[in-house]
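# Fold and geometry: a report
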Amino acid sequence: MAKKNSLVLLWASSSTFVKRIFSFWLFTVSVLILVACGGGGSDDDTVPSASKDSTNTPTANVILTGKATYTSYPLNANAGIDYSMPAELPIRGAVVELHSSDGLVLDQQNTSREGFYTFQAPAESNVVVVVKAALGTPQRPDTKIVDNTQQQALYTLVMPIRVRAIDLQQNFNADSGWDGQQYSGIRAAAPFAILDTLHKSQNLVRSADSNVVFPTLLVNWSKRNIPTFGRIDLGEIGTSHLSSDRQIYILGAADVDTDEYDSHIIAHEWGHYFEHAFSRSDSLGGQHILNDILDPSVAFSEAWGNAFAAMALDNALYIDSMGNRQKIIAISMDIETNSVPGLTRSSSGIPIDGFYSEASIHEILYDLYDSSDDENLQLGFTPIYNALVGKHKTSLAFTSVFSFIDALLEQDNINDADVRQLAANENIHDGDQYEAFSQKIYTLLPSGGTRVEQDRNGDTLQTKETYGRISGNNGNKLDNRIFFKYFSPLSGCYTIDIVPQSGGDVVIHVPAQANPLDRSGPDGNELYHITLSANQSGSIAVGSKFSSTKFSAQMSLTPGQCNE
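Residues numbered from 1 in each chain as written. Predicted model: local features only at pLDDT ≥ 70, side-chain atom pairs only at ≥ 80, totals over all residues. Heavy atoms only, no water.

## Points about the overall build of the chain
Within the chain, the regular secondary structure consists of nine helices and 31 strands. Considering the chain as a whole, with its 564 residues, one finds that 55% of them fall into the buried category. For the chain, contacts bridging at least 24 residues in sequence account for 71% of all contacts bridging at least 6. When the accessible surface of the chain is totalled, it reaches about 23500 Å², and 47% of it is carbon and sulfur. (Helix = DSSP H or I, 4+ residues; strand = E, 2+ residues; numbered from the N terminus. Buried < 20%, exposed > 50% of the residue type's maximum accessible area, 1.4 Å probe, protein only. Contact = heavy atoms within 4.5 Å. Areas by Shrake-Rupley, 256 points an atom, 1.4 Å probe, with all protein chains shown as cover.)

Okay, here's the thing in structure tokens:
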């Protein structure tokens, strides 16, 4: 039989806590009803089976099964979260455990794709079903949803159950805490809404690589997480983001900005995790809006996050809600739709479409994936995945739409003409892994010691603020940093010497290196020593701190310097 109105608790998982909860539950039930759930029988007849086997135990076992769900709400492109349409969705792939009343773990598994669990439980006993906001094997989860304001405690649903001598189905739901006007109860559903988005993200990657192993990921969510930068442990996370130590932080402040139901935001950040875990990103990160003229690496990374979210969720409509009752729309964009007609130009005169446009690139990426699109390329996810974990990852150039297309076209059964036309429609033209032949990004840096003082266009070498200010350690707009490519005809140790003009402070960016070289202060030259083989190519970029800076660049063969 299916039980209703189950007791569900949201807390951090520990055996000691479970023992205390169970003891308390026996005597003071009303105190512990943190989340009351509708429960009820399942409409899905697919229930995992279990065989009873009591030969090795003094007490006969019965089958304890059930369905774990969480309350979800749809997003409306015009009105934010629609609380009038709640749905109980399955908690899929989560680690679930059966505990004895004294906290002993009797069994563990993962919930099914329909949210079911099935255990053999001792008859006539008190047990606790524990559902953890975690994906991966029960012994070693790869993904956990934790509370950054509570020492990264793992979010856990706890349901004490009295088992009799007959089989039992016990369903339970993690409620949202929404009372019709506001969040007044425990927001137990939030971690599991996030978990479901991550489950979909992982499944998309598994569709291309069934043997993939996901590196450990902590996803930090709290109802205290606000859009203010400060102390992470107080919830001052600034925005939903992937941090430099490869953890994801998700906003949760009600009536300010919550993202647990903004699934595209979560999948976008997981897309950045994917870049660092399996591919590569040379993005500078930083603040941006959709039609900014971005650094090529930034543009590709943000476009990838947008497009990946649409792919993983099978929904091209990307929405971000915020504000009072989560009714304000911060972002609403269709990843599949051409957002800029023709060669519409920005206020600076440059076409908005291009290799520097996040919108242009996410449209290309999604069109390559989406088999129903008018472009009719029908690639699916696997060729995109192969490009990202292949030549794009090992590119000698900084990551961009050019390194991606170059890697994509290396694969068999790709129609080059269709891909090139798709890119051309977004003002991105034929080229190599570095740049388009007609849209130069890189300035050539000779290896023979000639000092370079002019860029690819013949202008004085300098970091520029044409499309956005340089603030802090760098800027993330086009030409905030200047790209160079080089070629070494001879093997040996080379030194690249960047000399700023008076008052300038420069840094050197190297592909696949997270942090720029910044050894000197203002007026000091920056040196980069590198050992190269004969006929080897490569690239660097020069950025500046706080403002536009003029500089010169020189590359010379310097035997012995690389050993110092």
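Resuming the write-up.
## Quick look at the nonpolar core
Among the nonpolar cores identified, the biggest contains 113 residues, and Val-129, Val-131, Trp-270, Leu-368, Phe-381 and Phe-404 are the most heavily contacted of them. In terms of residue count, helix H4 (residues 296-313) provides more of this core than any other element does, twelve residues in total. The contact partners of Phe-381, leaving out residues within four places of it in the chain, are Leu-204, Val-205, Ser-207, Ala-208, Trp-304, Phe-308, Met-311 and Tyr-369. Of all hydrophobic cores here, the second largest spans 21 residues; its members include Leu-445, Ile-530, Leu-532 and Ala-553. (Core = buried A, V, L, I, M, F, W, Y, C linked by side-chain atoms within 4.5 Å.)

## Some points on unusual backbone geometry
In this structure, Gln-152 is a non-glycine residue whose phi angle is positive, near 55 degrees. In this fold, Gln-152 is placed in the loop between strand E13 (141-147) and strand E14 (153-154). Relative accessible area serves as the criterion here: at 32%, Gln-152 is assigned to the partly exposed category. Phi at Asp-479 takes a positive value of approximately 70 degrees, unusual for a residue other than glycine. Here Asp-479 shows up in the loop between strand E25 (442-444) and strand E26 (481-488).

## Notes on the sheet that holds strand E30 (residues 536-544)
Adjacent strands of a sheet form backbone hydrogen bonds with each other and so pair up, either parallel or antiparallel. Here we have four strands laid out as an open sheet, ordered E25-E26-E30-E28, and mixed in their pairing. On the outer flanks of this sheet lie E25 and strand E28 (506-509), each paired with one strand and no other. Averaged over all pairs of adjacent strands, the angle between strand axes in this sheet comes to 30 degrees, irrespective of strand direction. Bridge count for E26 against E30 is eight bridges, and the pairing is antiparallel. Of the residues in E30, the one forming a bridge with Phe-484 is Ile-540. (Pairing = 2+ DSSP bridges. Axes fitted to C-alpha atoms, helices over the stretch in contact; angles between N-to-C directions.)

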